[in-house]
Amino acid sequence: MATTPTIVLDEVHWSTGGASILQPISLAFAADKVNVILGPNGAGKSTLMKIAAGRLRPSGGAVLHGDRDIFSIEAKELALQRAFLSQHVEIDFAITVEEVVLMGRYPHFARAPGREDRRIVDAALDLVGMGDKRRQIYPTLSGGEQQRVQLARVLAQVWSDDAAPAPRTIFLDEPVASLDIHHQLQILDLVRSLPARRCTIVVTLHDLNLAMDYGDRFIFLRDGRLQAIAEEPAAVSADLIQRIFDVRATSLDTEDGGRVLRFGL
């Protein structure tokens, strides 16, 4: 499996209104891995993701997609190679769940979706457990259901049934924040399976235990600065957690050989 980075940030920083939100950051996301961005509220996680995905132009520095400046790539071409799930997507008009997911297929057809596009929409909805609600009006769904539909849209955008698919990058900003435990695990199990299909995952999570269970590589931010990168869960120490989150962490071994973190002030 490939290990070369797909997206590289070179001294990117971002400021607005005279305030510096991100200090210069250089890093590469590991291809075909789950890269988890962690940090307290206001650390700059969402801003970093938007810049890395080419949705927000940095105040300085460069973002390379392969060997190309991501901001020089045509929107349609880029949409076929990377997809982005925001924390909040507002859709207030009467559109069905199926039509929302079909938005992800827009880069793939010229005037009207074909049979293959609709097959992929159906498959993506089934993957997130929303196939039985494909005809429901989207704004009538709960917040958690809407988030699952948006994930299906993202999957449909970069879908590939090829035996040797082209590499793609999927950015997920707090994809399980509004979900119950069952659906959190369902979605993260799905996310965990994507690197085997040449998908590089970049995801922000608040729950450190879920991050340790599902992540491969951990990028820690605080106050808009890159603080540390841990290449495996075992490298995330109690001292690092204390430094980033101002909490004490105790690691408990589980019967299946894993570990659970408990926290205190």
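These figures come from a predicted structure and were not determined experimentally. (Residues numbered from 1 in each chain as written. Predicted model: local features only at pLDDT ≥ 70, side-chain atom pairs only at ≥ 80, totals over all residues. Heavy atoms only, no water.)

(A) Region of interest: the overall build of the protein chain. Helix and strand content of the protein chain: eight helices and twelve strands. Relative to a compact globule of 265 residues, whose C-alpha radius of gyration would be 18 Å, the protein chain shows 19 Å and is just as compact. Overall, the C-alpha framework of the protein chain stretches about 55 × 45 × 40 Å when taken along its three principal axes. Only carbon and sulfur atoms are counted for the fraction: they give 49% of the accessible area of the protein chain, which is about 12,700 Å². Placing the 29 positive and 34 negative side-chain charges of the protein chain at their respective mean positions leaves the two points 4 Å apart. (Helix = DSSP H or I, 4+ residues; strand = E, 2+ residues; numbered from the N terminus. Rg over C-alpha atoms; globule rule 2.2 N^0.38 Å. Areas by Shrake-Rupley, 256 points an atom, 1.4 Å probe, with all protein chains shown as cover. Lys, Arg positive; Asp, Glu negative; His and termini not counted. Charge placed at Lys NZ, Arg CZ, Asp CG, Glu CD.)

(B) Layout of the sheet that holds strand β2 (residues 19-28). The four strands are arranged β2-β1-β4-β5 in an open sheet whose pairing can be described as antiparallel. Looking at which strands have only one partner, the edges of the open sheet turn out to be β2 and β5 (68-69). Sheet topology places strand β1 (residues 7-16) next to strand β4 (residues 60-65); five bridges connect them, and they run antiparallel. Pairing of I7 across the sheet is with H65, part of β4. (Pairing = 2+ DSSP bridges.)

(C) Spotlight on the packing of aromatic side chains. Under the definition given, this model contains three aromatic pairs. Geometrically, the ring pair formed by F84 and F171 is stacked, given 6.2 Å between the ring centres and 25 degrees between the ring planes. With F84 in strand β6 (residues 82-85) and F171 in strand β7 (residues 168-173), this pair connects stretches of sequence that are 87 residues apart. According to the relative accessible area criterion, F84 is buried, its value standing at 5%. Among the residues examined, F171 registers a relative accessible area of 0% and is labelled buried. When the centroid spacing of 5.8 Å and the interplanar angle of 85 degrees are considered together, the rings of Y106 and F109 count as edge-to-face. By the ring-pair criterion, three or more aromatic residues cluster together here, those being F29, F84 and F171. (Phe/Tyr/Trp six-rings, centres within 6.5 Å; stacked < 30°, edge-to-face > 60°. Buried < 20%, exposed > 50% of the residue type's maximum accessible area, 1.4 Å probe, protein only.)

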